[in-house]
Amino acid sequence: MAFKSIIDEIENNLNKILNDLSISDVKFTVEPSKPGFGDVSSNISFLLSKQLKKSPKDIAEMISEKYQHCSNTLVLKTEAHQSGYLNFFANWKKLNQLILSESYLDEFGDVDIGKNSTIVVEHTSVNPNKALHIGHIRNIIIGDTLSRILKKANYKVSVLNYIDDSGLQVADLIVGFKHFGFDQEPPNGKKFDHYCGDDVYVKTTEKYESDSSLEEIRKNILKELEDSNSDTAKFANKITRRVLVNQLETCWNLSVSYDCLNFESQIIRSGLWSKIFEKIKGMNLVEFENEGKNVGCWVIRGVDKEEDKIIVRSNGTATYIAKDIPYAAWKLGLVEDPFHYQKYEKKQPHSRVLWQTTLDSNNESVKNFTGEKVITVIDSRQARLQKIITSLMAKFKSVSDAYVHLSYESVTLSAETAKSLGLDTDGKQAQMSGRRGLYVNADSVYDLLKKKTIEETKKRNPEMDSSEIEKIAHHISVGTLRYEMIKQDLDKIITFDLTKSLSLDGDTAPYIQYAHARATRILEKSERSPSIEVDFSLLQEKSELDLIKTIGLFDIHVRDAVNNLSPKVIARYCHDLAVVFNSFYEHVKVLELSDAQLENSRLCIVNSFKITLEKALDLLGIVAPDRM
RNA sequence: GGGCCCAUAGCUCAGCAUGGAUAGAGUGUUGGACUUCUAAUCCAAUGGUCAAGGGAUCGAAGCCCUUUGGGCCCGCCA
């Protein structure tokens, strides 16, 4: 509860006052104040102004007066500001004690929004024909961060990764291996996923452009892939599995993990589509075209002026979007589960068990990875298709928000970075393209960051042994990358610049991690563990109070992040925490104060800050080293 | 032609959901602070017709409409 306690107390009292005045249905706010306006503010007087035919200022004074008679423990005084706001000043002695003692609990920051209900978060879902690039990373980090936040909010989260192992892009890769003589072993120990994406895929698609007769080969391969027992399909499975494990290694390295891998090829073979198709036919959600340009097709009618969407072609085959429908329904638990489950062959970090679907009934494991709600993280370019899925699912489930497409803008390359990859864009940013080889691989960004952070850490810790430096550099590199991907809002395009992405100053993860390292050092050097028996009246400095207050706001931000599916809220909170701590650090001393009581009090704050920051950073998947 | 998104300081972005006080950070530039709990830090200065116009409101960066500029999507491809 922490700071929320005083907010709740004020809210209750204001409601009582309104009740006494026989006023109801006023949705006033009670929020932490802007600096300089007390601790908590309410807009209640503005909202009553019309009804009571008085100025907000007069109303604020009236309520302020009535508030004196309310029972309260955490509010010291109220103030009717001339602007009309009603401001409250906290009894910091009591509030500090409350916040500090709660901050030591494991469940600090927990909020119960999910009520232990199930929710599915699907993210990553990259074609297994290439290495992950920086655009994929945004998706992955959004999804992973969100799943961590939802857990904090008492949801039972299943994280899924959909493996599109049967599409055209896979066929292209197979064409490369089977017809253009690409060796199955990459040269010079190159990672297999990089080799497939950078070399095999790019060069194969290049050849299509110069020789259109190759289309025939491509079509044949695609056809052969449909039969799961064909040599081509078996070969493709071997190749995509190899790419997949490399992709997963990239994710695991970034502290991202999953609960289950779902393979598209299995969804197709499971027969789920025909069941769903019958169902939507029965519900009249699709129509058969007897005339017009889509004659012979099954379509979903476009709303308003939108085009109809073809679901089944006139030759009877299902289109791309049709594959998404059974999967979405499966995720919501709307269909009988056709899958069996087996453990993935490689272990994830932190011993989280990774399952994968299989159609092989020898695997008797019964698992349930479906959810009452589903969040699918896909970039905004697929908004149109996702909208169709969302409205279909709303009809199946008769709950409008059971299926949510969490949309985000894509990552583009800055003109300078595009140029470094050989594309002159005339000063404009550039869209990434796997086909044209125009992308920045996630692994290479991590490697560059690692190299730089190792240097920087060495510079600051010349005595440290190299494995320790390596570990620290890893956490800083992962943190930097994750923070850059999550700190801005989902609707902002990230223009990725290789040079700027290596910055470690200012609003970055290292800034936040550094604050943690500073706090840790103080606690280490103090050579005693802080006792919670604190004389809170000793804490008077503004920087002390600001720090405790910010610590107390943790759960409020978690709530905000969950309600708005907005992971950046937590990133901003971590940054806020670091800012107030750095200010505290510069302004007050903690050690060698020759006042044991005061020293203990400040140590308590530092400790509370440290564990709160760790918890908040954990929601971002970022680890803060003890030294850096 | 239809649809979605963006526009706030030189640059990158918060704030907009739920209208109300003094529009905030970072970065850049300029100046200052390491014999001190780590300077990946801090302090200060600098920098804003909140794209434009209109509307509703006692009150708009925020809500509604229009316009402009930019990005993306709209295949019997995936």
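Residues numbered from 1 in each chain as written. Chains lettered and ligands numbered in written order. Predicted model: local features only at pLDDT ≥ 70, side-chain atom pairs only at ≥ 80, totals over all residues. Heavy atoms only, no water.

The name an unreviewed UniProt entry assigns to chain A is Arginine--tRNA ligase, from the organism Marine Group I thaumarchaeote. The UniProt entry for chain A carries the following text under Catalytic activity (unreviewed entry): "tRNA(Arg) + L-arginine + ATP = L-arginyl-tRNA(Arg) + AMP + diphosphate". UniProt's Subcellular location (unreviewed entry) comment on chain A is quoted here verbatim: "Cytoplasm". (UniProt positions renumbered as here; feature names shortened; annotations may be inferred.)

J.: What exactly am I supposed to notice about the overall build of chain A here?
T.: A tally of helices and strands in chain A yields 21 helices and 17 strands. Its C-alpha atoms give chain A a radius of gyration of 28 Å, within 12% of the compact-globule value 25 Å for 628 residues. Overall, chain A is about 85 × 70 × 55 Å in size when its C-alpha atoms are taken along their principal axes. Counting over 628 residues, chain A shows a buried share of 56%. On chain A, roughly 28,900 Å² of surface is accessible, and the fraction owed to carbon and sulfur atoms is 48%. Between the mean site of the 82 positive side-chain charges and the mean site of the 90 negative ones, chain A shows a separation of 1 Å. (Helix = DSSP H or I, 4+ residues; strand = E, 2+ residues; numbered from the N terminus. Rg over C-alpha atoms; globule rule 2.2 N^0.38 Å. Buried < 20%, exposed > 50% of the residue type's maximum accessible area, 1.4 Å probe, protein only. Areas by Shrake-Rupley, 256 points an atom, 1.4 Å probe, with all protein chains shown as cover. Lys, Arg positive; Asp, Glu negative; His and termini not counted. Charge placed at Lys NZ, Arg CZ, Asp CG, Glu CD.)

J.: How should helix α17 (residues 509-526) be read in this particular structure?
T.: Since there are 3.6 residues in each turn of an α-helix, residues three or four apart along the chain are aligned in direction. Given a rise of 1.5 Å per residue, 18 residues ought to cover 26 Å, and the 26 Å separating the end C-alpha atoms of α17 matches this to within 8%. Of all the 18 residues making up α17, 13 are buried; the element is thus mostly covered by neighbouring parts of the structure. (Expected span 1.5 Å × (residues − 1).)

J.: For this particular structure, what's the right way to read the packing of aromatic side chains?
T.: Each aromatic ring pair is characterised by the separation of its centres together with the angle its planes make. Inspection of the entire model under this criterion finds 18 aromatic pairs. Aromatic side chains Phe277 and Trp298 sit 5.4 Å apart centroid to centroid with 90° between the ring planes, which places their arrangement in the edge-to-face category. Of the two residues, Phe277 sits in helix α11 (residues 272-282) while Trp298 sits in strand β9 (residues 298-300), which places them 21 residues apart along the sequence. Residue class for Trp298 comes out partly exposed when judged on its relative accessible area of 21%. (Phe/Tyr/Trp six-rings, centres within 6.5 Å; stacked < 30°, edge-to-face > 60°.)

J.: I keep staring at the pattern of salt bridges and nothing clicks. Help me out?
T.: Oppositely charged side chains can form a pair if their charged atoms are brought close together. For the structure shown, the criterion picks out 38 salt bridges. Between Lys57 and Glu61 there is a salt bridge whose closest N-O contact spans 2.4 Å. Highlighted residues: Lys57 and Glu61, both in helix α3 (residues 56-67), separated by four residues, approximately one helical turn. In this structure, Arg521 engages Glu524 in a salt bridge whose closest nitrogen and oxygen atoms are separated by 3.0 Å. Within this pair, Arg521 and its partner Glu524 are both found in helix α17, separated by three residues, close to a single helical turn. For Arg521, a relative accessible area of 31% puts it in the partly exposed group. Sharing partners across several salt bridges, the network here consists of Asp144, Arg148, Arg482 and Asp618. (Salt bridge = Lys/Arg side-chain N within 4 Å of Asp/Glu carboxyl O.)

J.: Help me out: how do you make sense of the protein's contact with RNA strand B in this one?
T.: The immediate surroundings of RNA strand B are formed by 64 residues, with Tyr511, Tyr514, Arg572, Tyr585 and Val588 found nearest. Contact distances for RNA strand B include 3.1 Å between a base nitrogen and a side-chain N or O atom of Asn87. Contact between RNA strand B and Tyr585: a base nitrogen at 2.5 Å from a main-chain N or O atom of the residue. Among the elements of the structure, α12 (320-331), α13 (383-397), α15 (442-460), α17 and α20 (568-587) are those that each provide at least two residues to the surface near RNA strand B. Examining the composition of the surface near RNA strand B, we find that eight residues originate from one element, α17, more than from any other. Residues of the surface near RNA strand B, tallied by class, amount to 23 nonpolar, 16 polar and 25 charged. (Near = heavy atom within 4 Å. Polar contact = N/O pair within 3.5 Å; in protein donor to acceptor, adjacent residues only side chain to side chain. Nonpolar A, V, L, I, M, F, W, Y, C, P; charged D, E, K, R; others polar.)

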